[in-house]
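# An overview of the molecular structure
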Amino acid sequence: MERSLVLVKPDGVQRALVGEVVSRLERRGLRLVAAKFIQVSKELAETHYGIHKGKPFYDGLIEYIISAPVMAMVWEGPSAIAAIRQTMGATRPTEAAPGSLRHDFALEVGRNLTHASDTPENGASEVALWFKKEELVDWNREVDRWVFEK
Ligand code: IDP
Ligand code: MG
């Protein structure tokens, strides 16, 4: 079972797309583990996007992510990393597959609505960065055996 941090970024919140993102992940069969609606601090933004420091878009990216509240979530499932990134679509909305969120709702890379972890290892470390252990809910979803093979 893999876990991913998922963010509905400020543009997604402002455009009232939180429900759309949650709905698509729920319908996919992924399981919600944690959620909180927060104003991101500059410190958290810089730690989260540390890998992009020095790139031309870095300053704008930090400004973007702290410009308004975000919906931060943890979702899990088998192959959750690949599944969620597929549901989000490619980083550049004009390259995102038709039917993906970024295809259906976005135009520009700097306003691409969501974040999802890119590897299981980064998923684990991003979940630990954004959530306290006690915020992660361990629950039994009755439908799991009809969604997960094992
Ligand atoms: P990802 O969000 O699909 O994993 P990354 O390459 O990790 O994409 O980049 C992180 C975020 O930085 C992107 O989602 C996007 O918001 C922003 N970003 C990436 N490349 C550019 C760019 O060329 N211009 C502006 N923003 C960018
Ligand atoms: Mg990334």
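## Observations concerning the packing of aromatic side chains
- Under the counting rule described, the total for this entry stands at zero aromatic pairs.
- A cation sits over an aromatic face here: K36 above F131, 4.7 Å from the ring centre.

## Here's the deal with the layout of surface pockets
- Quantified by volume, the largest pocket comes out at close to 760 Å³.
- Every element with two or more residues in the lining of the largest pocket is listed here: α3 (42-48), α4 (58-65), α5 (80-88), β4 (114-116) and α7 (120-130).
- Ranked by the residues each element gives to the lining of the largest pocket, the list is headed by α7, at four residues.
- A per-class count over the lining of the largest pocket returns 10 nonpolar, 13 polar and seven charged.

## Thoughts on the sheet that holds strand β3 (residues 70-77)
- Taken in spatial order, the four strands of this open sheet run β2-β3-β1-β4, and their pairing is antiparallel. Edge positions in the sheet fall to β2 (31-38) and β4, since each has one partner strand and no second. Along the sheet, successive strands turn relative to each other by an average axial angle of 15°, direction set aside.
- Bridge count between β2 and β3: seven bridges; the pairing is antiparallel. When the bridges of β3 are listed, A35 appears paired with M73.
- Strand contacts of α7: β1 (2-8), β2, β3 and β4, with the helix running at about 55° to β1, the strand carrying the most contacts.

## Quick word on the nonpolar core
- Judged by nonpolar contacts, the single largest core of 19 residues is most densely connected at V40, Y49, V74, W130 and F131.
- Looking at this core, the elements with two or more residues in it are β1, β2, α3, α4, β3 and α7.
- Here the element with the most residues in this core is α4; it accounts for five residues.
- V74 has contacts with R3, S4, R31, L32, V33, A34, V127, F131 and L136, leaving out every residue within four places of it along the chain.
- Within the second largest apolar cluster, 15 residues are counted, among which are V13, M73, A80 and A116.

## Considerations on the side chain of S4
- Here S4 shows up in strand β1.
- A distance of 3.2 Å separates a polar side-chain atom of S4 from the backbone nitrogen of S117.
- Apart from residues no more than four positions distant in its own chain, S4 is found in contact with M73, V74, W75, I81, I84, A116, S117 and V127.

## A short note on the site of ligand 1
- Every one of the 13 residues lining ligand 1 counts as a neighbour, but K9, H52, R85, T91 and N112 are closest to it.
- Between an oxygen atom of ligand 1 and a side-chain N or O atom of T91, the distance comes to 2.5 Å.
- For ligand 1, an oxygen atom lies 2.8 Å from a polar atom in the side chain of N112.
- For ligand 1, whose free accessible area comes to 530 Å², the fraction covered by protein is 79%.
- Within the shell around ligand 1, the residues separate by chemical class into five nonpolar, four polar and four charged.

Calculation notes
- Residues numbered from 1 in each chain as written.
- Chains lettered and ligands numbered in written order.
- Predicted model: local features only at pLDDT ≥ 70, side-chain atom pairs only at ≥ 80, totals over all residues.
- Heavy atoms only, no water.
- Phe/Tyr/Trp six-rings, centres within 6.5 Å; stacked < 30°, edge-to-face > 60°.
- Lys NZ or Arg CZ within 6 Å of the ring centre and 35° of its normal.
- 1 Å grid on protein atoms, 1.4 Å probe; cavity = no way out; pocket = protein on both sides within 12 Å on 5 of 7 lines; lining within 4 Å.
- Points joined across faces, edges and corners; volume = space filled by probe spheres on them.
- Helix = DSSP H or I, 4+ residues; strand = E, 2+ residues; numbered from the N terminus.
- Nonpolar A, V, L, I, M, F, W, Y, C, P; charged D, E, K, R; others polar.
- Pairing = 2+ DSSP bridges.
- Axes fitted to C-alpha atoms, helices over the stretch in contact; angles between N-to-C directions.
- Contact = heavy atoms within 4.5 Å.
- Core = buried A, V, L, I, M, F, W, Y, C linked by side-chain atoms within 4.5 Å.
- Buried < 20%, exposed > 50% of the residue type's maximum accessible area, 1.4 Å probe, protein only.
- Polar contact = N/O pair within 3.5 Å; in protein donor to acceptor, adjacent residues only side chain to side chain.
- Near = heavy atom within 4 Å.
- Areas by Shrake-Rupley, 256 points an atom, 1.4 Å probe, with all protein chains shown as cover.

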